[in-house]
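Coordinate analysis (summary)
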Amino acid sequence: MIGPTHEEVITDVVRRDMRSYRQLPRLFYQIQTKFRDVIRPRFGVMRGREFLMKDGYSFHTSYADLQREYRNMYETYSRIFTRLGLKFRAVAADTGAIGGTGSHEFHVLADSGEDAIAFCPASDYAANVELAEAVAPQEVGSGATAMMEKKATPGKTKCADVAAFLGLPLTQTVKAVAVMAEKEGGGEFVLLLLRGDHDLNEIKAQKVVGEFRFARDEEIVAALGCKPGYIGAVGFSGRVVADRSVAVMSDCVCGANEEGYHLTGVNFGRDLPRPGTVADIRNVVEGDPSPDGKGALELCRGIEVGHIFQLRTKYAAALKCTFLDEHGKDQVMEMGCYGIGVSRIVGAAIEQGHDERGIVFPASIAPFAVAVVPMNYAKSETVRAAANTLHAELLAAGIDAVLDDRDERPGSMFADWELIGIPHRVVVGERGIKEGKLEYKGRKEADATMVAASEMAMFLKQKLCG
Ligand SMILES: Nc1ncnc2c1ncn2[C@@H]1O[C@H](COP(=O)(O)OP(=O)(O)O)[C@@H](O)[C@H]1O
Ligand SMILES: [Mg+2]
């Protein structure tokens, strides 16, 4: 059968074969092709409809035992990606469609990554931007100092333009995002308020107002009597949800609900009621305090190469995967699942390691650790003998070496091995052999060095272990 992932299949196997607490915990894994109806396949192995995954599943008698295994997997995954030579981060993640509670993604850090990650350099805090909390501001605004005034702002519909036009900081502006929240018997018009320099986080907002869509122009006109670009919460009597950072602002700038006008010196509790709901509804930005209180957040991009979940009893309960405990009582199993995108790792390693000449693979995943490149292999017997000897010696030493016995120009042989990303190269040439030497060059190094032929295997062994 073809499958996108195998929680149901493995749960079915376990419920047939495992009956007693004595058979638990159990851990299963496979490395196998997955098939998914991906809407937009892209970047080759990065997001395909068919890809290789290592998927693992664990079954437990208790939540505590699942948590023990989850921590074990977290550390195992960290060791795997470290040994693969990748720069990565474990990131707290949303559990999404698969459900359950508690989840971490492992991201390879690369500018081309699809996911934005917030992390704290001073601690191990890291979270998907979708999830990272924007903590409530400590300092409360200085309070009202100005009177509310209406200012003409013709053609200025964006906070940045309004701020520049009025000569005020962007952080003093409030943008109102009009949405229609799902409600029985039609939608509810809701205004979401954000500081001008912040962006709405739709996932967070959804947790506050429920499913929603952006309001259409005619719905905005009907609710506020003004078209978008000049809207604000002053005079609006419907539901208002303000971001935490808006709730502490004073002397704000916002739309006047009149085309071509904005209001300055607007204050909550005086010019409009305090917002009905104050919540975290924005994306974190660089410099925000880390939710663990240990410093400031930075942002980077990542490629998800692994994902671990505490599924708890979501699948086991639905499929009645139970066991008999010590007292002979039927209990639902606790379950975890753990995936590594095997084929995506290849793409991620290349995104992280490349230069103008091609791939720079970490030695642990390069197709070969060493390329032995003889000059004139076909014609020179000396070279052929030396190259064959070295190749055999390296294999005997457990070094994964390839011998380039093609009859090509040296330049094109070098270019091929650099393109493929082989981390170490040894050139065997007649002149060097006369002096008992071979030429070594690392993929990342600019210059080659001469090494005694008799010491080459040892020399490479040290490079590969180091
Ligand atoms: N379409 C795909 N192509 C290649 N690799 C994928 C694809 N979808 C998922 N993966 C890899 O498999 C791992 C486990 O998958 P999972 O977390 O269930 O997927 P998703 O995050 O897409 O829901 C992911 O961390 C990712 O590395
Ligand atoms: Mg995932």
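Reading guide: rules and limits
- Residues numbered from 1 in each chain as written.
- Chains lettered and ligands numbered in written order.
- Predicted model: local features only at pLDDT ≥ 70, side-chain atom pairs only at ≥ 80, totals over all residues.
- Heavy atoms only, no water.
- Buried < 20%, exposed > 50% of the residue type's maximum accessible area, 1.4 Å probe, protein only.
- Helix = DSSP H or I, 4+ residues; strand = E, 2+ residues; numbered from the N terminus.
- Arc of directions from axis to C-beta.
- Contact = heavy atoms within 4.5 Å.
- Polar contact = N/O pair within 3.5 Å; in protein donor to acceptor, adjacent residues only side chain to side chain.
- Pairing = 2+ DSSP bridges.
- Domains from an automatic or database assignment.
- Buried area = accessible area lost by both parts, 1.4 Å probe.
- Salt bridge = Lys/Arg side-chain N within 4 Å of Asp/Glu carboxyl O.
- Nonpolar A, V, L, I, M, F, W, Y, C, P; charged D, E, K, R; others polar.
- Near = heavy atom within 4 Å.
- Areas by Shrake-Rupley, 256 points an atom, 1.4 Å probe, with all protein chains shown as cover.
- Core = buried A, V, L, I, M, F, W, Y, C linked by side-chain atoms within 4.5 Å.
- Axes fitted to C-alpha atoms, helices over the stretch in contact; angles between N-to-C directions.

The set of residues buried in helix H4 (residues 202-209) consists of Lys204, Ala205 and Val209. Axial view of H4: buried residues confined to an arc of 115°, hence all on one face. Turning to H4, the residues buried within the fold contact strand E8 (174-181), strand E9 (188-195), strand E10 (212-214) and strand E11 (239-243). With a side-chain oxygen positioned 3.0 Å from the backbone nitrogen of Ile203, the residue opening H4 is Asn201. Immediately downstream of H4, the backbone of Gly210 shows phi near 85°, a positive value.

With that settled, the discussion passes to the pairing of strand E2 (residues 50-60). Counting buried residues in E2 gives nine out of 11 residues, a clear majority hidden from the surface. As judged from the 10 bridges shared by strand E1 (residues 26-35) and E2, these two strands associate in the antiparallel manner. Looking across to E2, one finds that Leu27 is bridged to Ser58. Bridge count for E2 against strand E18 (residues 334-341) is eight bridges, and the pairing is antiparallel. Paired with Ser58 across the two strands is Gly336, which belongs to E18.

All right, on to helix H3 (residues 159-166) then. Every buried residue belonging to H3 is among Cys159, Val162 and Ala163, and all of these are buried. The buried residues of H3 occupy an angular sector of 100° when the element is viewed end-on, so they sit on one face.

By domain assignment, the protein chain separates into domain 1 (7-133 + 291-351), domain 2 (149-275) and domain 3 (370-465). Overall, the association of domain 1 and domain 2 removes approximately 400 Å² of surface from exposure, summing both partners, and the carbon and sulfur fraction of that is 37%. On the surface where domain 1 and domain 2 come into contact, there are one salt bridge. Of the charged contacts, one joins Arg244 and Glu133 as a salt bridge, the two residues approaching to 2.9 Å between their closest N and O atoms. Linking domain 1 to domain 2 there are four residue pairs in polar contact (both at pLDDT 80 or more). The residue makeup of the side of domain 1 that touches domain 2, split by class, is three nonpolar, no polar and three charged.

Bringing the side chain of Arg425 into the picture now. Note that Arg425 resides in strand E23 (residues 424-428). What Arg425 contacts, discounting residues up to four positions off in sequence, is Ala371, Val373, Phe414, Glu418, Glu439, Tyr440 and Lys441.

Turning our eyes to something else, we now look at the site of ligand 1. Within the structure, ligand 1 sits among 14 residues, and Arg36, Gly48, Phe51, Glu304 and His307 are positioned closest to it. A distance of 3.0 Å is found between an oxygen atom of ligand 1 and a side-chain nitrogen or oxygen belonging to Arg36. Relative to its unbound accessible area of 530 Å², ligand 1 is 85% covered by the protein chains. Those elements that place two or more of their residues in the shell around ligand 1 are E2 and strand E15 (298-312). A total of four residues in the shell around ligand 1 trace back to one element, the largest contributor, which is E15. Per-class residue counts for the shell around ligand 1 are six nonpolar, four polar and four charged.

The next point concerns the nonpolar core. Membership of the largest hydrophobic core comes to 27 residues, with the highest contact counts inside it found for Phe189, Leu191, Leu193 and Ile231. At the level of elements, E8, E9, helix H5 (217-224), E11, strand E12 (252-255) and strand E13 (261-266) are the ones that each hand at least two residues to this core. Counting residues per element, this core draws most heavily on E8, at four residues. In this structure Leu193 touches Val174, Lys175, Ala176, Ala233, Val240, Val241, Ala242, Asp243, Val246, Phe268 and Ile281, once residues within four positions along its chain are discounted. Counting 23 residues, the second largest nonpolar core, distinct from the first, contains Leu66, Tyr77, Phe81 and Tyr338.

A few words now on the sheet that holds strand E14 (residues 277-279). Taken in spatial order, the five strands make up an open sheet running E10-E8-E9-E11-E14, and their pairing is mixed. Only two strands of the sheet have a single partner each, and these edge strands are E10 and E14. For this sheet, the mean angle separating the axes of adjacent strands, direction not counted, is 35°. Taken together, the three bridges between E11 and E14 define a ladder with parallel strand orientation. Counterpart to Asp243 in the pairing with E14 is Ala279. Packing of H4 onto the sheet brings it into contact with E8, E9, E10, E11 and E14, and relative to E10 it is tilted by some 125°. Lying over the sheet, H5 contacts E8, E9 and E10, oriented at roughly 90° with respect to E9.

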